[in-house]
Amino acid sequence: MSTNYSADDLISGGDFFSRLSPPARLGVFGDPVVHSKSPVFHNAALKAAGIDACYVKIHVPVEKAAAAFRALPAAGFIGANVTTPLKAAALATVDEADGYARRCGSVNTVVVQDDRLLGFNTDGPGLARAIREEFFVDLRDLRVVLLGAGGGAGRAIAVQCAMESCERLVLVNRTVEKARALAAELAPSFRSDRLVGPVERVQAIGFDEAALREQLAHADLVINATSVGMRRTDPPLIPAALLTPNLMVYDTVYAARTRLLEDASAAGAKVANGLGMLLHQGALSFEIWFNRPAPLDVMRRALGEAA
Ligand code: ATR
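Residues numbered from 1 in each chain as written. Predicted model: local features only at pLDDT ≥ 70, side-chain atom pairs only at ≥ 80, totals over all residues. Heavy atoms only, no water.

Trainee: It is not clear to me how the sheet that holds strand β9 (residues 168-172) should be interpreted in this structure. Could you clarify?
Mentor: Pairing between the strands of a sheet comes from backbone hydrogen bonds, and it takes one of two forms, parallel or antiparallel. The strand order β10-β9-β8-β11-β12-β13 describes an open sheet built from six strands, whose pairing is parallel. The sheet is open, and its two edges are formed by β10 (202-205) and β13 (270-272), each paired on a single side. Neighbour-to-neighbour, the strand axes of this sheet turn through a mean angle of 15°, independent of strand direction. Helix α6 (residues 123-135) contacts β11 (221-224), β12 (248-251) and β13 of the sheet and is inclined by roughly 135° relative to β12. Most of the contacts of helix α8 (residues 176-186) go to β10, to which it runs at about 170°, and overall it touches β9 and β10. (Pairing = 2+ DSSP bridges. Helix = DSSP H or I, 4+ residues; strand = E, 2+ residues; numbered from the N terminus. Axes fitted to C-alpha atoms, helices over the stretch in contact; angles between N-to-C directions. Contact = heavy atoms within 4.5 Å.)

Okay, here's the thing in structure tokens:
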């Protein structure tokens, strides 16, 4: 693990980060941030691309987020990644955000352009690339059941599904009102004459076994966007008996093989963990910062060695 820097190291100004060797010109902001794997593959990418810069972890409590983002230009940064719980604060602080980030209500990639900060979100496009790579299918052709649609990651994935107008989207959330509100917001993206049978193209349900069984009968892909499964002791998110061999199951948790993936795999479903999404959202950030393709194989290898 590389050194953990603090928001104050940035806010206090000076050439602290420029004096590192190589100079720190990129980083990930979060709280906590110590477990982030992003420096591992971004530093490998910077080295492979011959860019004289390093990528650091910066611990930023939410009350210091705006000041820390604002300090990026003076500190000589090219940009930053943003993780929990700062993505909404990043959107509120940047001078301009792209349409997808605005719809998500969150920014995970900041670009410094002179004294201005531009905001993007690569989580949804990163997931779409990971799904294509893992399962050889496009989100737009799938009937998706999204578990944890009410969280920040869930919202980013739901908006991506809406922008690609996937065949069906079922938003599942413990607090069902959040899923219903999101379904109503996304409904215009699903209004078309595309015929998919007798069921609505966007729906919201809670973690109710009968409702899940009914929806999974009309699904191709299940995505877990909750953090349930990070710990080995976590209870199952959905009953194992609901998982069937025809499903693809993607878990955005990348810590280990989760209970959901174990149950899905035992049922004969195709499964993948969140490492692909992590890799691709990072590669897309690299492409935004440097306007050139990311050295994906180098990044993948570095991530694989660190995982
Ligand atoms: P993030 O922004 O990282 O996605 P979050 O905003 O805390 O994290 O969202 C967590 C998501 O996981 C939410 O959808 C949450 O459901 P609620 O909106 O009802 O809180 C969901 N979640 C967390 N713990 C859960 C659990 N034990 N069972 C089901 N869903 C859970």
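Trainee: Help me understand the environment of V202, please; the structure alone is not making it clear to me.
Mentor: Here V202 lies in strand β10. On the accessibility criterion, V202 (16% relative accessible area) is buried. (Buried < 20%, exposed > 50% of the residue type's maximum accessible area, 1.4 Å probe, protein only.)

Trainee: Is there a simple way to think about the packing of α6 against helix α11 (residues 275-290) in this case?
Mentor: Any two packed helices are characterised by the angle at which their axes cross and by the distance between the axes. Put simply, α6 and α11 touch, their axes get as near as 7 Å, and they point 125° apart. Accordingly, the angle class assigned to the pair α6 and α11 is oblique. Here α6 runs over α11; the crossing is right-handed. Each of D123, P125, G126, L127, R129, A130, E133 and E134 in α6 lies in contact with α11, whose residues at this interface are G276, M277, H280, Q281, L284 and E287. When its residues are assigned to classes, the contact of α6 with α11 shows five nonpolar, four polar and five charged. (Parallel < 35°, antiparallel > 145°, perpendicular 65-115°, else oblique. Left-handed = near helix turned anticlockwise from the far one by under 90°. Nonpolar A, V, L, I, M, F, W, Y, C, P; charged D, E, K, R; others polar.)

Trainee: Before we go on, may I ask you to explain the layout of surface pockets in this structure?
Mentor: To locate leftover empty space, one rolls a probe as large as a water molecule over the atoms. Considering only enclosed or pocket space, the largest pocket measures out at about 1500 Å³ in volume. If you trace the largest pocket, you find 48 residues lining it, with T83, T84, K87, A153 and M230 closest to the centre. Secondary-structure elements contributing two or more residues to the lining of the largest pocket are β4 (79-82), α4 (87-93), α7 (152-163) and α11. Looking at side-chain class alone, the lining of the largest pocket contains 21 nonpolar, 20 polar and seven charged residues. Structurally, the lining of the largest pocket is a two-domain feature, drawing no fewer than three residues from each of domain 1 (4-121 + 281-306) and domain 2 (124-273). (1 Å grid on protein atoms, 1.4 Å probe; cavity = no way out; pocket = protein on both sides within 12 Å on 5 of 7 lines; lining within 4 Å. Points joined across faces, edges and corners; volume = space filled by probe spheres on them. Domains from an automatic or database assignment.)

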